[in-house]
Structures are given as structure tokens and as C-alpha cells.
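Residue-level structural notes
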Amino acid sequence: MTTAALAQWTVQRSSPASRIASGVFILVGIGLFAVPQVFDANVVQQLTSLLIFVILAVMWNALAGYAGLVSVGQQAFIGFGAYGTILLTQQGIQPYLAVVLAAAGSAVLALVLSLLVLRLRGGQFAVGTWVVAEAIAVLFLLNHDLGGGTGVSLQGLNVFAPEVRRALTYWLTLGFAVLLLILLFLLLRHRTGAALQAIRDDVLAAASLGVRARPLKLLLFVLAGFGCGAAGALTLANTLFIQPQSIFGVQWSAAMIFMVLVGGLGTFEGPILGAILYFAVQNLFADQGAWYLIGLGVTAVAFALFLPRGLWSLVGDRLTVRLLPLGYHLRRDTGRRDHS
């Protein structure tokens, strides 16, 4: 007996085309290491800023998009990474090594703070992280050995010629960005990726299925602390000067939220796209003052209301191939027929 044609579904993780696309991304990342050899110092410095935005967007998306932890206090780790670099160089440590150690120190800070903030839920967690960030900012503001409210410079990098310093800072920033993207990609490709998304959607339901929510949230919280600390230290290396009011400012969280909401919350590629857009908007309209900030806020709200999956949804929904496949997906094979 012959039945009517039935649509068949195949569980698929990746395809040859998606593996090729992933390979292209890797080649692009390798090619970016040649930027200081091709472009002038100003372009190198601007691209360093862009890579820092990418790091911040990806780290905030890891928290909110995959673990449901909406933080408005990641500037605590940004500032700690920057001032940690200053403290370490004052002890005679080479500046670029100090950047790496300060990022690791930010991860330790995140581990310590997790004992407090991970006990909070929803809005309490958001407010709690902001309060902690403000408290840490006050501590550095009152430390006159670090310049107090007037700020402090990273003088250890003055031994390098400006072109060499910008190139080294760019390479270190690119290295951090690639490392964090790879770590997050591997984490989400693992079964922990599905567990994290289950926690984000409904922590109680996930727990009823045997998912241990707290260790997974702790893992992402520490990873985000490490990444944001690296971003702060790299910002210092890129600009050579920081003030507590700016490096601990809540505008960092506002920027991260904007990049992720516009790019695509809970997607791997979306925050990268959002970071590129934010970088372009900042360079074009940052001199507009308050209107620039109002525009960012209105745009973020509009995306949250009318395009909640972000710009990447407009691209990803039209692709037959997933560029960087995470987890498993159903593919409909309409060409198959069943015969009996």
C-alpha cells in the first residue's frame, strides 16, 4: 500500500556548508592579525576599540542570553581590570602581562561576588550587580595612590613607540576576543549549552529535569567577569588613561544591553553584529551629547518591542545554512516518501 507523501524531519547539528562557513570565520580571524601591517595607527586603534565592544557584547549575551542573568553591573569588572593593571604595573610587572593577570583577577572577583549576587533573582540580581559596581567604584575613587577622582595613566607602555604599542595592544585584544569566542562556542556546543538555555527559559523546570543551575550560572558569571575585566584592561592599554567615573560608569552596561538587543539576544552571531553597529553609531553620532544617549535608548526599546530577536534574526531566518551551529536542529526533508 502506497501512502501519500509525508514530510520527513532530520535531526541535524551541522552540514558541510556550515563547516565551510565556520572555516571562513576562522580564516577571517587569522587574517585580522595582519591589520597592523596593512593599516595606519589610527585605524588599528579604532579596530581595537571595536574588538573590545565585541568582547563586552559577547560576555553580556552569555549572561543574559544563555543563563538569564540580566546584569547592569558588569562595569565592576571593567573598572577592576583597568585599575588592576595599574596596580600590577606599580609593582614592577610588565604592562601587557599585567593586563592578562588583571583579567584573571577579575575572574577571581566574580567568583567571590557570586557568593552574594547569584542568590538574587530577576530584578534583584540586576539592581544588586549595579550596587556592587558602585561600591567598588567608590573604593577606587577614594584611593589617592591611584589618582583618586582625577584619574591615572598607564605609563609603563611609554617605553614602546606609538605604532608598536598600538599594534601590540591590537594583537592582545584580538587574541582575547578569539579566545573568548572559542571558549563560549565550545561551551554552548557541549550539552551544557542546552542546559543553560533551559535555565534561562525556566529555572524550576530545568531543575526538575536534573539540571544543576547554580554551577552553570557560576561558570558563565566567572567567564563574563574574566572577559569584562580583560576589556577594561585593554581599554586602558588602548587609551593610556582612565578615571573612576568613566571606567566604572553605568554607560558600559547600557552599551552592552544595546549591542545585544539590537544584534540578537541569545544568538552567537548577533552580539558581534550589534557591536559593529554600535561602533559605527558611536563614531558618527557620539558628539551629539544627550540626544545620542536618548537615541540609543529609544532604539534599544524599539528593538525589544518590535524585533525582539534582533537584526541577526533577519539574516539567520533567511539562511538555509547555520553559520555557527550550536546544539541540534530539525530539518524538513520534503523530498522523501514513505512506501508500504
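Conventions we followed
Residues numbered from 1 in each chain as written. Predicted model: local features only at pLDDT ≥ 70, side-chain atom pairs only at ≥ 80, totals over all residues. Heavy atoms only, no water. Patch = residues over 30% accessible without salt bridge, like charges linked within 9 Å, V, L, I, M, F, W, Y side chains within 5 Å. Areas by Shrake-Rupley, 256 points an atom, 1.4 Å probe, with all protein chains shown as cover. Salt bridge = Lys/Arg side-chain N within 4 Å of Asp/Glu carboxyl O. Helix = DSSP H or I, 4+ residues; strand = E, 2+ residues; numbered from the N terminus. Buried < 20%, exposed > 50% of the residue type's maximum accessible area, 1.4 Å probe, protein only. Phe/Tyr/Trp six-rings, centres within 6.5 Å; stacked < 30°, edge-to-face > 60°. Expected span 1.5 Å × (residues − 1). Core = buried A, V, L, I, M, F, W, Y, C linked by side-chain atoms within 4.5 Å. Contact = heavy atoms within 4.5 Å. Axes fitted to C-alpha atoms, helices over the stretch in contact; angles between N-to-C directions. Left-handed = near helix turned anticlockwise from the far one by under 90°. Nonpolar A, V, L, I, M, F, W, Y, C, P; charged D, E, K, R; others polar.

Let us look at a nonpolar patch on the surface. There is a patch of nonpolar side chains on the surface, built from Val127, Trp130, Val131 and Val250 and spanning about 340 Å² of accessible area. By the element assignment, tryptophan 130 lies in helix α6 (residues 122-141). A residue is classified by how much of its surface remains accessible, and tryptophan 130, at 38% relative accessible area, is partly exposed.

Counted by the stated rule, this structure contains 11 aromatic pairs. Residues phenylalanine 125 and phenylalanine 221 carry aromatic rings whose centres are separated by 6.3 Å and whose planes lie at 70 degrees to one another, so their mutual orientation is edge-to-face. Here phenylalanine 125, found in helix α6, pairs with phenylalanine 221, found in helix α10 (residues 213-239); they are 96 residues apart in sequence, far enough to count as distant. Since its relative accessible area comes to 2%, phenylalanine 125 is described here as buried. Here phenylalanine 221 falls in the buried class, since its relative accessible area comes to 2%. With a centroid separation of 5.6 Å and 25 degrees between ring planes, the pair formed by phenylalanine 140 and phenylalanine 248 is classed as stacked. Residue phenylalanine 140 is found in helix α6, and its partner phenylalanine 248 is found in the loop between α11 (244-247) and α12 (251-263); the two are separated by 108 residues along the sequence. One exposure class covers both phenylalanine 140 and phenylalanine 248, and it is buried. Among the aromatic residues, ring-to-ring pairing joins Phe80, Tyr83, Phe140 and Phe248 into one connected group.

The next point concerns helix α13 (residues 270-285). Here α13 contains 16 residues, and its C-alpha end-to-end distance of 22 Å stays within 8% of the 22 Å for a straight helix at 1.5 Å per residue. What α13 keeps buried is the set Gly270, Pro271, Gly274, Ala275, Tyr278, Phe279 and Val281.

Counting residues in each nonpolar core, the largest one holds 91 residues, and the members touching the most others are Leu56, Phe176, Leu220 and Phe221. For this core, the element with the most residues is helix α3 (residues 41-67), which contributes 17 residues. Ignoring sequence-local partners within four residues, the contact set of phenylalanine 221 consists of Leu63, Gln74, Phe77, Ala110, Leu113, Ser114, Val117, Leu118 and Phe125.

It is at 9 Å that the axes of α12 and helix α14 (residues 290-306) come closest, and there the two elements cross at 35 degrees. Where α12 crosses over α14, the handedness of that crossing is left-handed. Across the interface between the two elements, Phe258, Leu261 and Val262 of α12 pack against Leu296, Thr299, Ala300 and Phe303 of α14. Tallied by class, the residues present in the contact of α12 with α14 amount to 6 nonpolar, 1 polar and no charged.

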